[in-house]
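# What the coordinates show
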Amino acid sequence: MKTIEPKGIVIHSMAQYLVNEDGKTVHAKDFLASIGLSVHAFVEPDGSVVPMKPVPQKASHAGKSKWNGLEYLNSHYLGVELLVEGVHSYDSFIAKIKDPKTFTEAQYTSLANICAEWMKEYPLISLDTVARHSDVSGAEVRPEDPKQDPGSGFNWLKFRTMLSIRELENY
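Residues numbered from 1 in each chain as written. Predicted model: local features only at pLDDT ≥ 70, side-chain atom pairs only at ≥ 80, totals over all residues. Heavy atoms only, no water.

I9, I11, L111 and F159 are the most contacted members of the largest nonpolar core, which totals 30 residues. When residues of this core are traced back to their parent elements, those giving at least two are β1 (8-19), β3 (41-43), β7 (77-87), α2 (90-96), α3 (105-121) and α5 (156-169). Considering each element in turn, this core owes the most residues, 8 residues, to α3. Leave out the neighbours within four places in its chain, and F159 touches I11, Y108, L111, A112, C115, V130 and F154. (Core = buried A, V, L, I, M, F, W, Y, C linked by side-chain atoms within 4.5 Å. Buried < 20%, exposed > 50% of the residue type's maximum accessible area, 1.4 Å probe, protein only. Helix = DSSP H or I, 4+ residues; strand = E, 2+ residues; numbered from the N terminus. Contact = heavy atoms within 4.5 Å.)

And the structure:
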């Protein structure tokens, strides 16, 4: 297994459950595995953290991406998915990630905790190298298919404040 020297974290979001090609409802982890994608962890709506790829193995989560002078961030960044509760189509998922009530307090807390742990373990990760998927794979990088997650409903300022406090506590 290829490992990376983590330099940052990409925050994603996706539906907790999706309908696969066979018409069956599958959990996000199983869906990603079935299409050859992966992240390091999922944060469920109740705040529980479900690992997928061991850190610091390379995961396939950022695709065509660019941030802080680096491209193709799979080789440099850890990935974490915030799961949007329920079964969603692409359209219902996009609508949900625009709603500020979508992400739970437990998710914000768990996300800040896991990111702070990774920042403590990997000194190249800093607050400035934690980014949204839409920041690293947005219209400037992927004009044909810009990523929108984690979405405008995700309170980025709140999360960064929580992470800043945890970062200070770790020193």
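Before going further, it helps to spend a moment on the pairing of β7. Burial runs high along β7: 8 of the 11 residues are buried. Of the strand pairs in this sheet, β1 and β7 are connected by 9 bridges, and their pairing is parallel. For Y17, the partnering residue across the bridge sits in β7 and is V87. Pairing of β3 with β7 involves 3 bridges; the strand directions are parallel. (Pairing = 2+ DSSP bridges.)

Applying the stated criterion to the full structure yields 4 salt bridges. D135 serves as the salt-bridge partner of R132, at 3.0 Å between the closest nitrogen and oxygen. With its nearest N and O atoms 3.3 Å apart, the salt bridge here joins K147 to D145. (Salt bridge = Lys/Arg side-chain N within 4 Å of Asp/Glu carboxyl O.)

This part is about the packing of α3 against α5. Where α3 meets α5, the closest approach of the two axes is 9 Å, and the angle between their N-to-C directions is 45°. Overall, the two elements α3 and α5 adopt an arrangement that is oblique. For the crossing formed where α3 meets α5, the hand is right-handed. For the pair formed by α3 and α5, the contact residues are E105, Y108, T109, L111, A112, N113, C115, A116 and M119 on the first element and K158, F159, M162, L163, R166 and E167 on the second. In terms of residue class, the contact of α3 with α5 is made up of 9 nonpolar, 2 polar and 4 charged. (Axes fitted to C-alpha atoms, helices over the stretch in contact; angles between N-to-C directions. Parallel < 35°, antiparallel > 145°, perpendicular 65-115°, else oblique. Left-handed = near helix turned anticlockwise from the far one by under 90°. Nonpolar A, V, L, I, M, F, W, Y, C, P; charged D, E, K, R; others polar.)

To continue, consider α5. The end-to-end C-alpha distance of α5 is 20 Å, a good match for the 20 Å that 14 residues give at a rise of 1.5 Å each. Of the residues making up α5, those classed as buried are W156, F159, M162, L163, R166 and E167. Buried residues of α5 fall within an arc of 140° about the axis and therefore sit on the same side. In α5, the exposed positions that point more than 90 degrees away from the buried face belong to L157, L168 and E169. As for α5, its buried residues are in contact with β1, α3, β8 (130-132) and α4 (133-136). The distance from a side-chain oxygen at the start of α5 to the backbone nitrogen of L157 is 3.3 Å, and the residue carrying that oxygen is N155. (Expected span 1.5 Å × (residues − 1). Arc of directions from axis to C-beta. Polar contact = N/O pair within 3.5 Å; in protein donor to acceptor, adjacent residues only side chain to side chain.)

Looking now at unusual backbone geometry. A cis geometry characterises the amide bond from V55 onward to P56, with omega recorded as 10°. That bond from D149 to P150 is cis: its omega, 10°, falls within 30 degrees of zero. Mapped onto the fold, P150 is located in the loop between α4 and α5. Backbone geometry places N68, a non-glycine residue, at a positive phi of 50°. Here N68 shows up in the loop between β5 (66-67) and β6 (70-71). The exposure class assigned to N68 is partly exposed, which follows from its relative accessible area of 49%. A positive phi angle, close to 50°, is found at Y72, a residue other than glycine.

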